[in-house]
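A closer look at the structure
Residues per chain, in single letters:
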Amino acid sequence: MLNRHARGFFTALFTPLARWLLRMGVSPDAVTIAGTLGVAVGALVFYPLGQLFWGTVFITAFIFSDVLDGIMARMQNVKSRWGNFLDSTLDRVADGALFAGVAVWFYTGGNNAIIATAALVCLVLGMVVSYARAKAESLGFTANVGIAERAERLVSVLVVTGLTGLGLPTMVLLATLVLLAAASLVTVVQRITSVRRQALAEPTPAD
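Treat the numbers as computed from the prediction; the structure is a model and nothing was measured.

1. Structural notes on the confidence of the model for the protein chain
- Confidence along the protein chain averages 89 in pLDDT terms, with 95% of residues attaining 70 or more.
- By mean pLDDT, helix 1 (residues 2-23) is the weakest element of the protein chain at 75, and helix 8 (residues 170-201) is the strongest at 95.

Listed below in structure tokens is the structure:
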């Protein structure tokens, strides 16, 4: 949902910056790598120190690199399989760092193993959501269905984690993570079901 409705807004917002970076000789791949490093630092340095609000602010400053590098690639009229691979791979790194950082804090100074475990469950299921689509597409199927795609997962966990750093009760974060895990599980089932239907609809090879 967020991918559909927010893409136009953020494309218009970041187009001037994308144009300027290209003039400066910055490549889309460099933006992808820098954005991932920024998210990883925010999640794996700030969060484990208990700086949930400032960690979220830091991560947010880099998270939009995923939009920016795409705009830059389109401006260059480049459709690179390498760029697509790099972007998708580093997205998984960023997502993993985000949920791992939350888990580390709540297993240690945050002293809430239930929230930490919920974050790890979200991490694992989020990876399965992404893998299901990638594997389906590698086999010639489509699996771009589901109620919990990447944008929804990131926005929900970032907003609530940041607000938790400002005093929001941790139960709200726990509820968010539990709902996110459930939505991710539903998405995995939706993608498996979608691919199964496509597989059954394929013509049977002649004997």
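2. A few points about the packing of helix 2 (residues 28-46) against helix 3 (residues 52-63)
- Relative to each other, helix 2 and helix 3 sit at 170°, their axes nearing to 8 Å. Our classification of the angle between helix 2 and helix 3 gives roughly antiparallel. Note on element contacts: helix 3 touches helix 2 through W54, G55, F58, I59, F62 and I63, opposite A34, G35, G38, V39, V41, G42, A43 and F46.
- Split by residue class, the contact of helix 2 with helix 3 holds 10 nonpolar, 4 polar and no charged.

3. Observations regarding the nonpolar core
- By size, the foremost hydrophobic cluster in this structure holds 31 residues, and its most contacted members are Y47, I59, L98, F99, F106 and L177.
- Elements supplying a minimum of two residues to this core: helix 2, helix 3, helix 5 (81-107), helix 6 (113-138), helix 7 (150-165) and helix 8.
- The element contributing the most residues to this core is helix 5, with 8 residues.
- Counting 7 residues, the second-largest nonpolar core is a separate cluster that includes F14, A18, L68 and M72.

4. Looking at the environment of L49
- Mapped onto the elements, L49 comes out in the loop between helix 2 and helix 3.
- With relative accessibility at 61%, the residue L49 sits in the exposed group.
- For L49 and T108, which are 59 residues apart along the polypeptide, the C-alpha to C-alpha distance reads 9.4 Å.

5. Concerning the environment of A97
- Within the element layout of this structure, A97 appears in helix 5.
- Take A97: its relative accessible area is 6%, and that puts it in the buried class.
- Between the C-alpha atoms of A97 and V45, which are 52 residues apart in sequence, the distance is 10.0 Å.
- Those residues in contact with A97 that lie beyond four places of it in its chain are A40, A43 and L44.

6. Let's talk about the pattern of salt bridges
- Enumeration according to the criterion identifies 5 salt bridges in this entry.
- Residue D95 is joined to R92 by a salt bridge in which the shortest nitrogen-to-oxygen separation is 3.8 Å. Taken together, the positions of D95 and R92, both in helix 5 and 3 residues apart, correspond to about one turn of that helix.
- Since its relative accessible area comes to 7%, D95 is described here as buried.
- In this structure, R153 engages D95 in a salt bridge whose closest nitrogen and oxygen atoms are separated by 4.0 Å. Here R153, found in helix 7, pairs with D95, found in helix 5; they are 58 residues apart in sequence, far enough to count as distant. Take R153 and D95: they sit in the same class, and that class is buried.
- Each member of the salt-bridge network shares a partner with another, and the members are D91, R92, D95, R150 and R153.

7. Notes on the environment of A12
- With respect to the helices, strands and loops of the structure, A12 is situated in helix 1.
- Classification of A12 by relative accessible area gives exposed; the value is 56%.
- Sequence-wise, A12 and N84 are 72 residues apart; in three dimensions their C-alpha atoms are separated by 21 Å.

Cut-offs and rules
Residues numbered from 1 in each chain as written. Predicted model: local features only at pLDDT ≥ 70, side-chain atom pairs only at ≥ 80, totals over all residues. Heavy atoms only, no water. pLDDT = per-residue confidence, 0-100. Helix = DSSP H or I, 4+ residues; strand = E, 2+ residues; numbered from the N terminus. Axes fitted to C-alpha atoms, helices over the stretch in contact; angles between N-to-C directions. Parallel < 35°, antiparallel > 145°, perpendicular 65-115°, else oblique. Contact = heavy atoms within 4.5 Å. Nonpolar A, V, L, I, M, F, W, Y, C, P; charged D, E, K, R; others polar. Core = buried A, V, L, I, M, F, W, Y, C linked by side-chain atoms within 4.5 Å. Buried < 20%, exposed > 50% of the residue type's maximum accessible area, 1.4 Å probe, protein only. Salt bridge = Lys/Arg side-chain N within 4 Å of Asp/Glu carboxyl O.

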